[in-house]
Amino acid sequence: MIIEWGWLTTHTDDLLALTLDHLATAVPAVLLGLLIALPLAVVAHRVRPLRGLLLGISNIMFTVPSLALFVLLLPITGLTRTTAIAGLTVYTLVVLLRNTVEGLDSVPAKVREASLAMGTGRLGTLLKVEFPLALPVIMAGVRVASVMTISLVSVASYIGYGGIGQLFTDGFQRSFPTPVLAGVVLTLLLALAADAVLVLVQWLCTPWMRKGARA
């Protein structure tokens, strides 16, 4: 396999554009998945009979091949970025929903009861006590979902919104390994960068854990 390093230097602008396009699909998918997963997780946590149903549905949807899901969405959303984002959002749910439920389950019942006894109310307890304490587990799910989504975006090149995935298509079609290698490296770097950013976000959002570590 011969890599033409000169190709990389002459296509820097294209690589940057594809990377930004990749993020334009991945980031909304993760954020939308989180917005959907949070209320569903609260329902699954508080209404136990619905827990198995919601988790089961998310698991079933995850088993649908990504390419097939995009094809099913095409008559509804067409050849647009919305199709790519909607399909990827479905795959984030199985991770985000399960981790959010587990995070809420990990909150000690005594802490929840103490908050209610102080007159905080159920919504206030959820927002001020349960979600903050569940944040480490939730963020673990967000990190996994983000890395997974960054990897899956490439499949959306089938509908023209695959970002870095277009490098794979181009390389395979021309039997030219350089774009393929560039795509692999860029995808890996994006995943590592996203994970590092999320670790920083978690660190900033959980000051009590930093204090406990210093103690």
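In this report, we go over the structure that sits alongside the text. (Residues numbered from 1 in each chain as written. Predicted model: local features only at pLDDT ≥ 70, side-chain atom pairs only at ≥ 80, totals over all residues. Heavy atoms only, no water.)

**Thoughts on the pattern of salt bridges**
Evaluated as defined, the whole model comprises seven salt bridges. With a closest N to O distance of 3.6 Å, Asp105 and Arg48 form a salt bridge. Here the residue Asp105 occupies a position in helix α5 (residues 81–105), and Arg48 occupies one in helix α3 (residues 48–62), the gap between them amounting to 57 residues. A salt bridge links Arg51 to Asp105; its shortest N-O distance comes to 2.8 Å. One end of the pair, Arg51, is in helix α3; the other, Asp105, is in helix α5, with 54 residues separating them in the sequence. A residue is classified by how much of its surface remains accessible, and Arg51, at 17% relative accessible area, is buried. (Salt bridge = Lys/Arg side-chain N within 4 Å of Asp/Glu carboxyl O. Helix = DSSP H or I, 4+ residues; strand = E, 2+ residues; numbered from the N terminus. Buried < 20%, exposed > 50% of the residue type's maximum accessible area, 1.4 Å probe, protein only.)

**Quick word on the packing of α3 against α5**
Working note: a packed helix pair is described by the angle between its axes plus the distance between those axes. In contact at an axis separation of 7 Å, α3 and α5 are set at 150 degrees when each is read in the N-to-C sense. Taken together, α3 and α5 sit at an angle that is classed as roughly antiparallel. Note on packing geometry: the crossing formed by α3 with α5 is left-handed. Along the contact surface, α3 presents Arg48, Arg51, Leu54, Leu55, Ser58, Asn59, Met61 and Phe62, while α5 presents Val90, Tyr91, Leu93, Val94, Leu97, Arg98, Val101 and Asp105. Of the residues that constitute the contact of α3 with α5, the class distribution is 10 nonpolar, two polar and four charged. (Axes fitted to C-alpha atoms, helices over the stretch in contact; angles between N-to-C directions. Parallel < 35°, antiparallel > 145°, perpendicular 65-115°, else oblique. Left-handed = near helix turned anticlockwise from the far one by under 90°. Contact = heavy atoms within 4.5 Å. Nonpolar A, V, L, I, M, F, W, Y, C, P; charged D, E, K, R; others polar.)

**Structural notes on the packing of aromatic side chains**
Counted under the stated rule, the structure contains two aromatic pairs. Between the aromatic rings of Trp7 and Phe176, the centroid separation amounts to 6.0 Å while the plane-to-plane angle is 85 degrees, which identifies the pairing as edge-to-face. Pair noted here: Trp7 is in helix α1 (residues 5–10) and Phe176 is in the loop between α8 (165–174) and α9 (177–205), with a separation of 169 residues, a long-range link. Take Trp7 and Phe176: they sit in the same class, and that class is buried. Between Phe62 and Tyr91, the aromatic rings sit 5.7 Å apart at their centres with planes inclined by 80 degrees, giving edge-to-face as the arrangement. Pair noted here: Phe62 is in helix α3 and Tyr91 is in helix α5, with a separation of 29 residues, a long-range link. Residue Phe62 is classed as partly exposed on the basis of its relative accessible area, which comes to 35%. We classify Tyr91 as buried; its relative accessible area is 4%. (Phe/Tyr/Trp six-rings, centres within 6.5 Å; stacked < 30°, edge-to-face > 60°.)

**Comments concerning the packing of helix α2 (residues 12–46) against α5**
As a packed pair, α2 and α5 sit with axes 6 Å apart at the nearest point and diverge in direction by 40 degrees. Classified by the interaxial angle, the pair formed by α2 and α5 is oblique. Every pair of crossing elements has a handedness; the one defined by α2 and α5 is right-handed. Across the contact of α2 with α5, the residue classes tally to 21 nonpolar, six polar and three charged.

**Considering the side chain of Thr178**
Topologically, Thr178 is positioned in helix α9. The exposure class assigned to Thr178 is buried, which follows from its relative accessible area of 1%. The contacts of Thr178, once residues within four sequence positions are left out, are Ile2, Ile3, Glu4, Trp7 and Leu8.

**Some points on α5**
Each α-helix winds once per 3.6 residues, and so residues spaced three or four apart point in a common direction. For α5, which comprises 25 residues, the first-to-last C-alpha distance of 35 Å matches the rise-based estimate of 36 Å (1.5 Å per residue) to within 8%. A bend of about 35 degrees at Thr92 is the largest found in α5. Across the 25 residues of α5, 19 count as buried, placing the element largely inside the fold. (Expected span 1.5 Å × (residues − 1). Bend = angle between axes of the 7 residues up to and from the residue.)

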